[in-house]
Amino acid sequence: MADEPRAQVRARFHARCAYCGVHEDAVGATLTIDHHRPRSRGGTDEVENLVYCCARCNEHKGAYWHEHDPPHVRLLHPGQDELAQHLRESDDGCFVGLTPEGEFFIQRLRLNRPQIVSYRRARQAEAKLTAELVASRRRVEELERSMFDLRSALESTADEIERRSKGRR
Ligand SMILES: [Zn+2]
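These lines cover the structure that appears in this document, whether it is placed above or below. No experiment lies behind these values; they were computed from the predicted model shown. (Residues numbered from 1 in each chain as written. Predicted model: local features only at pLDDT ≥ 70, side-chain atom pairs only at ≥ 80, totals over all residues.)

A few words now on the overall build of the chain. Each helix and strand in the chain was counted, giving five helices and four strands. Along the chain, helices (α) and strands (β) appear in the sequence α-α-β-β-α-β-β-α-α when read from the amino end. Against the 2.2 N^0.38 benchmark of 15 Å for 169 residues, the chain shows a C-alpha radius of gyration of 28 Å, more extended than a compact globule. With respect to the three principal axes, the spread of C-alpha positions in the chain is 105 × 35 × 25 Å. Contacts in the chain between residues at least 24 apart in sequence constitute 54% of all its contacts with a sequence separation of at least 6. (Helix = DSSP H or I, 4+ residues; strand = E, 2+ residues; numbered from the N terminus. Rg over C-alpha atoms; globule rule 2.2 N^0.38 Å. Contact = placed C-beta atoms within 7 Å.)

What follows is the structure, given as structure tokens:
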């Protein structure tokens, strides 16, 4: 495939496998370009039919096309379907189907293979740490403001004491 549509598809899916979510940096290589409707099933090279995809998802997907192949459930298109309506990521990193299409998508592409589940768990842990870091920074800023206020109060009290002691002399 020419470089230009490849770059366009890569950018559209943010350099992640649009099926399992793995980033190409985690794979250590660029990913493949999948024809959502396989060429052998009449799919074209139109960008709308192309999905950035890791080798394993591509392999599991194979030449499946619902009009030809059992169980005749449409495979969701990550660029056209709102995946969040069909599946969700649970706290343990597994995808859970919310609709028959979502369940089929997870099962066909083996989206709960152990390696991708631990990848998602690592990302969740990272997101949690980032949130904690942001909260800690905010708390430090609050404490710094309180310290500033206390210091000002302390200084004006010291000034007041000095003024009064001068007055008594
Ligand atoms: Zn994948």
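This is not the end of the story, as more comes after the structure.
All right, on to the nonpolar core then. Within the largest apolar cluster, 22 residues are counted, with the highest numbers of intra-cluster contacts made by Cys-17, Tyr-19, Cys-20 and Cys-53. Counting only elements with at least two residues in this core, the list comes to strand S2 (50-53) and helix H4 (100-108). Here the element with the most residues in this core is S2; it accounts for four residues. Beyond its immediate stretch of four places on either side in the chain, Cys-20 contacts Cys-54, Cys-57, Leu-109, Leu-111 and Ile-116. (Core = buried A, V, L, I, M, F, W, Y, C linked by C-beta atoms within 7 Å. Buried ≥ 20, exposed ≤ 12 C-beta atoms within 10 Å, placed from the backbone.)

The next point concerns helix H5 (residues 114-168). Along its 55 residues, H5 runs 80 Å from first to last C-alpha, staying within 8% of the 81 Å computed at 1.5 Å per residue. Burial within H5 is sparse, with just two of its 55 residues counted as buried. (Expected span 1.5 Å × (residues − 1).)

Of note, the amide linkage connecting Pro-70 to Pro-71 takes the cis form, showing an omega dihedral of 0°. By the secondary structure assignment, Pro-71 is in the loop between helix H3 (55-61) and strand S3 (87-89). Backbone geometry at Ala-15 places phi at a positive 60°, although glycine is not the residue there. With respect to the secondary-structure elements, Ala-15 resides in the loop between helix H1 (3-12) and helix H2 (24-27). With a phi angle near 60°, His-72 is a residue other than glycine that sits in the positive phi range. Overall, the presence of 10 C-beta atoms within 10 Å leaves His-72 in the exposed class.

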